[in-house]
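What the coordinates show
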Amino acid sequence: MPTITYMGPFYRIGAVDGPGDAFRGVPREVTQEWLDQWRNWLTAKHWKIEGDTVDEGNDGIPDAGWSRKDILSWLEGYDVKMVGYVSKKAALEMVDKVLNPKKEEDE
């Protein structure tokens, strides 16, 4: 789930919609749907956004817009075993292998 943290000049600001007032430096979780709806209001100057996932095709399949953490979570759902550190690029290659497995040809 995405996390937003107000980093602006005031100690507290009123909520736009939903999760209540925001206090400077206090992170809070929001849904991806909420973040997508209010993204334009959350300026980079005053807000830190973490864990944001932008699904380019809006199809639930990991792509370059997804965070590394979310891609790895998706792969775990398909029982993909990972050893050591897996970069975002390598994780996206693993997604491709899950979605497009190579057929073994009979000899």
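The written sequence of each chain sets the order in which its residues are numbered from 1. With the structure being a predicted model, the display of local features is reserved for residues of pLDDT at least 70 and the display and counting of side-chain atom pairs for 80 or more, all residues being used for whole-chain, interface and lining totals. The side-chain numbers reported here are obtained from all heavy atoms of the structure, hydrogens and water having been left aside.

**Regarding the confidence of the model for the protein**
- pLDDT runs from 0 to 100 and stands for how confident the predictor is about each residue. Averaged over every residue, the pLDDT of the protein is 84; the share at 70 or more is 91%.
- Think of it this way: any DSSP run of H or I at least four residues long counts as a helix, any run of E at least two long counts as a strand, and we number them from the N terminus. The secondary-structure element of the protein with the lowest mean pLDDT is helix α1 (residues 32–38), recorded at 81, while helix α3 (residues 88–99) shows the highest, at 92.

**Quick look at the packing of helix α2 (residues 68–77) against α3**
- Two elements in contact, α2 and α3, have axes separated by 10 Å at closest approach and are oriented at 30°. The angle between α2 and α3 places the two elements in the roughly parallel class. Judged by the sense of rotation from one axis to the other, the crossing of α2 with α3 is left-handed. Taken together, the residues of α3 that come into contact with α2 (itself represented by R68, I71, L72, W74 and L75) are K88, A91, L92, M94, V95, V98 and L99. Lines fitted to C-alpha atoms define the axes here, with helix axes fitted over just the stretch in contact, and angles between the N-to-C directions of these axes take values from 0 to 180 degrees. An angle below 35 degrees is read as roughly parallel, one above 145 as roughly antiparallel, one from 65 to 115 as roughly perpendicular, and any other as oblique. By definition, any crossing whose near helix is turned counterclockwise from its far helix by less than a right angle is left-handed, and any crossing with a clockwise turn is right-handed. Note on contacts: a residue pair is in contact if any heavy atoms of the two residues lie within 4.5 Å.

**Concerning a nonpolar patch on the surface**
- In this scheme, patches are assembled from residues that exceed 30% relative accessible area and form no salt bridge. Like charges are connected within 9 Å, while nonpolar side chains (Val, Leu, Ile, Met, Phe, Trp, Tyr) are connected within 5 Å. Note on areas: Shrake-Rupley, 1.4 Å probe, and residue coverage restricted to the protein chains presented here. The salt bridge definition used is simple: a Lys or Arg side-chain nitrogen within 4 Å of an Asp or Glu carboxyl oxygen. Taken together, the side chains of Y11, F23 and V26 make up a nonpolar region of the molecular surface, amounting to roughly 300 Å² of accessible area.
- With respect to the secondary-structure elements, F23 resides in strand β3 (residues 22–23).
- A relative accessible area of 32% means that F23 is categorised as partly exposed. Partly exposed describes any residue whose relative accessible area lies between the buried limit of under 20% and the exposed limit of over 50%, with all areas from a 1.4 Å probe on protein chains only and scaled to the type maximum.

**Points about the pairing of strand β1 (residues 3–6)**
- Side chains T3 and T5 project from β1 onto one buried face, and the interleaved I4 and Y6 project onto a second face that is buried too.
- With two bridges joining them, β1 and strand β4 (residues 28–29) adopt antiparallel strand pairing. The partner of T3 across the bridge, within β4, is E29.
- Bridge count between β1 and strand β5 (residues 47–50): four bridges; the pairing is antiparallel. Whether two strands pair comes down to DSSP finding at least two bridges between them.

**Considerations on the side chain of T5**
- Within the secondary structure, T5 sits in strand β1.
- Taking the relative accessible area as the measure of exposure, T5 reaches 4% and is therefore buried.
- Excluding residues that lie within four positions of it along the chain, T5 makes contacts with G25, V26, P27, H46, W47 and K48.

**Observations regarding the packing of aromatic side chains**
- Stacked, tilted and edge-to-face are the three classes assigned to paired rings of Phe, Tyr and Trp, where Trp is represented by its six-membered ring and a pair needs centres within 6.5 Å; plane angles under 30 degrees give stacked, over 60 edge-to-face, the rest tilted. Within this structure, the stated rule accounts for five aromatic pairs.
- Between Y11 and F23 the ring centres are 5.5 Å apart and the planes differ by 65°, which places this aromatic pair in the edge-to-face class. One end of the pair, Y11, is in the loop between β1 and β2 (12–13); the other, F23, is in strand β3, with twelve residues separating them in the sequence.
- When the centroid spacing of 4.3 Å and the interplanar angle of 35° are considered together, the rings of W74 and Y78 count as tilted.
- Of the residues examined, W74 reaches a relative accessible area of 12% and is grouped as buried.
- The class for Y78 is partly exposed, based on a relative accessible area of 48%.
- Each residue in the set Y6, W41 and W47 is aromatic and connected to the rest through ring pairs, giving one cluster.

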